[in-house]
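Here is what each chain is made of, one letter per residue.
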Amino acid sequence: MSENKKWLPRWFFQLASPRWCYDITGKLLPGFVIAMLLLLVTGIVWALMFAPADYQQGNSFRIIYIHVPSAILAQSCYMLMAIAGAIGLIWKMKVADMVAKSCAPIGATIAIMALATGAIWGKPTWGSWWVWDARLTSMLILLFLYLGVIALHSAIENEVTAAQSAAVLSLVGLVNIPIIKYSVEWWNTLHQPATFKLTEKPAMPPEMWVPLLVMVIGFYCFFAVSLMLRLRNEILQRERRAGWVRELIEKQ
Amino acid sequence: MNPKRKRRLLIVLFLVFGVCVAVGLTLYALSQNINLFYSPSQIAKGEAPKETRIRAGGMVVDGSVKRDTQSLDVTFAITDYEHTTLVKYSGILPDLFREGQGIVAQGELDANNVLQASEVLAKHDENYMPPEVAEALKATGNMPKPEAEVFNK
């Protein structure tokens, strides 16, 4: 154990304590709520009213400001769920299991949002709501993986077994993330390749991508807020027999 | 790290790695079947099956669009800058359809390698810009052109 502490930071072990986790998320929550409101309101107003229209698609391209952030977030959320699941499996950390469980419904909702906005955008630009190309299909599989994780959590009554099997499913599904990302490069798809690449300049002028960046960060803050709210509920529910939870409830 | 945790870490890594290899090999084996459409080069080489429903994708060749004055019939050629394929279609084309635009057409190849299309979808590229910028780029001839590899992977 002493050797352990040398290479892992202290907060990693503090996170293992549900009580510490409940307190720290309580302190972080207001800041994230304010940041989320500021970024989302600025982003939406900027994107819908001030960003220029596209030369080909006109105003219908503005749905990108919802579509891209939700698609990015749906994948990030899945990665967090799988990593939290792995930590839960290896270190038997209760809080990690709770994080993984709280991620699933949020991720599923956001994946539905990415698919729905994509369909709405596809109709006027491509001429079709849905095409079975590699990008769209792999994104649909991501949604099914989320639904599978939710189903496992609610089907297995024992919390420890449920967390273990859901973690294994999320780790297996992790292989889908690079497939979603690179599907447009590996295969012929109707979906266009990425506008943003790490190595190149974005294929979009700054007056278009700056509001998009604001929206992406706003979406991440929204995710942080909803994850913390769900996590705090989950902690209270699972630790309801612990002394500190009883004290907390009696105080109110 | 105690041995128990180390063992569990190895199992998790093995699981992720194993699934990646299995899925990777499957996708590699299926790679041609995952493509949404055939490129004009593949059709010219005879890789696309005839008289079954397939999709073909490419850029609409400038000056190749011929509309029938009496009906909705239209013929045009699509290209991946190596080969071209002729497409015949009867119906309403998507708003983004124009010469120089990427499209994906679904239909059957006839004996002369002409695609008798039943559906035409527009494929747009990853470049977005305001109309003024597009006009300025067009005037100087710097409009980004999609590369041939977009249609030929």
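Look a little higher up for the structure.
To keep things clear, this report deals only with the structure shown in the data block.

With that settled, the discussion passes to the overall build of chain A. The secondary structure content of chain A amounts to ten helices and zero strands. Counted from the first residue to the last, chain A has its helices and strands arranged as α-α-α-α-α-α-α-α-α-α. Along the first, second and third principal axes, the C-alpha set of chain A runs to 60 × 35 × 35 Å. Classification of the 252 residues of chain A by burial places 51% in the buried group. Counting every atom, chain A has about 12,300 Å² of accessible surface; 69% of that belongs to carbon and sulfur. In chain A, the 21 positive side-chain charges and the 14 negative ones have mean positions that sit 4 Å from each other.

Okay, the packing of helix α4 (residues 64-91) of chain A against helix α6 (residues 134-155) of chain A next. Residues and elements named next belong to chain A. Relative to each other, α4 and α6 sit at 40 degrees, their axes nearing to 11 Å. In terms of axis orientation, α4 runs oblique to α6. As for the relative orientation of α4 and α6, their crossing is left-handed in sense. Across from Ala-71, Ala-74, Gln-75, Cys-77, Tyr-78 and Met-81 in α4, the residues of α6 making contact are Met-139, Leu-142, Leu-145, Tyr-146 and Val-149.

Let us look at the side chain of Arg-8 of chain B. Within the fold, Arg-8 of chain B resides in helix α1 (residues 3-34). Buried within the structure, Arg-8 of chain B lacks any salt-bridge partner; Asp-97 of chain A is the closest side chain of opposite charge, at an N-O distance of 10 Å. Once residues within four sequence positions are removed from consideration, Arg-8 of chain B is found in contact with Leu-89, Ile-90 and Lys-92 of chain A.

Okay, the interface of chain A and chain B next. With 49 residues of chain A at the contact, the number on the chain B side is 40 residues. Contact between chain A and chain B buries roughly 4,000 Å² in total, counting both sides, with carbon and sulfur atoms accounting for 62%. Counting the contacts that link chain A with chain B gives zero salt bridges. Seen at the junction of chain A and chain B, the total is 14 residue pairs in polar contact (both at pLDDT 80 or more). Elements that contribute at least two residues to the side of chain A that touches chain B include exactly α1 (2-7), α4, α5 (94-126), α7 (159-173), α8 (176-186) and α9 (206-238) of chain A. Per-element accounting of the side of chain A that touches chain B gives the leading share, five residues, to α4 of chain A.

Not every positive phi belongs to a glycine, and Lys-92 of chain A is a case in point at roughly 50 degrees. Checked against the element boundaries, Lys-92 of chain A lands in the loop between α4 and α5. Since its relative accessible area comes to 44%, Lys-92 of chain A is described here as partly exposed. One non-glycine residue, Asn-113 of chain B, lies in the positive phi region at around 65 degrees.

About the thresholds
Residues numbered from 1 in each chain as written. Chains lettered and ligands numbered in written order. Predicted model: local features only at pLDDT ≥ 70, side-chain atom pairs only at ≥ 80, totals over all residues. Heavy atoms only, no water. Helix = DSSP H or I, 4+ residues; strand = E, 2+ residues; numbered from the N terminus. Buried < 20%, exposed > 50% of the residue type's maximum accessible area, 1.4 Å probe, protein only. Areas by Shrake-Rupley, 256 points an atom, 1.4 Å probe, with all protein chains shown as cover. Lys, Arg positive; Asp, Glu negative; His and termini not counted. Charge placed at Lys NZ, Arg CZ, Asp CG, Glu CD. Axes fitted to C-alpha atoms, helices over the stretch in contact; angles between N-to-C directions. Parallel < 35°, antiparallel > 145°, perpendicular 65-115°, else oblique. Left-handed = near helix turned anticlockwise from the far one by under 90°. Contact = heavy atoms within 4.5 Å. Salt bridge = Lys/Arg side-chain N within 4 Å of Asp/Glu carboxyl O. Buried area = accessible area lost by both parts, 1.4 Å probe. Polar contact = N/O pair within 3.5 Å; in protein donor to acceptor, adjacent residues only side chain to side chain.

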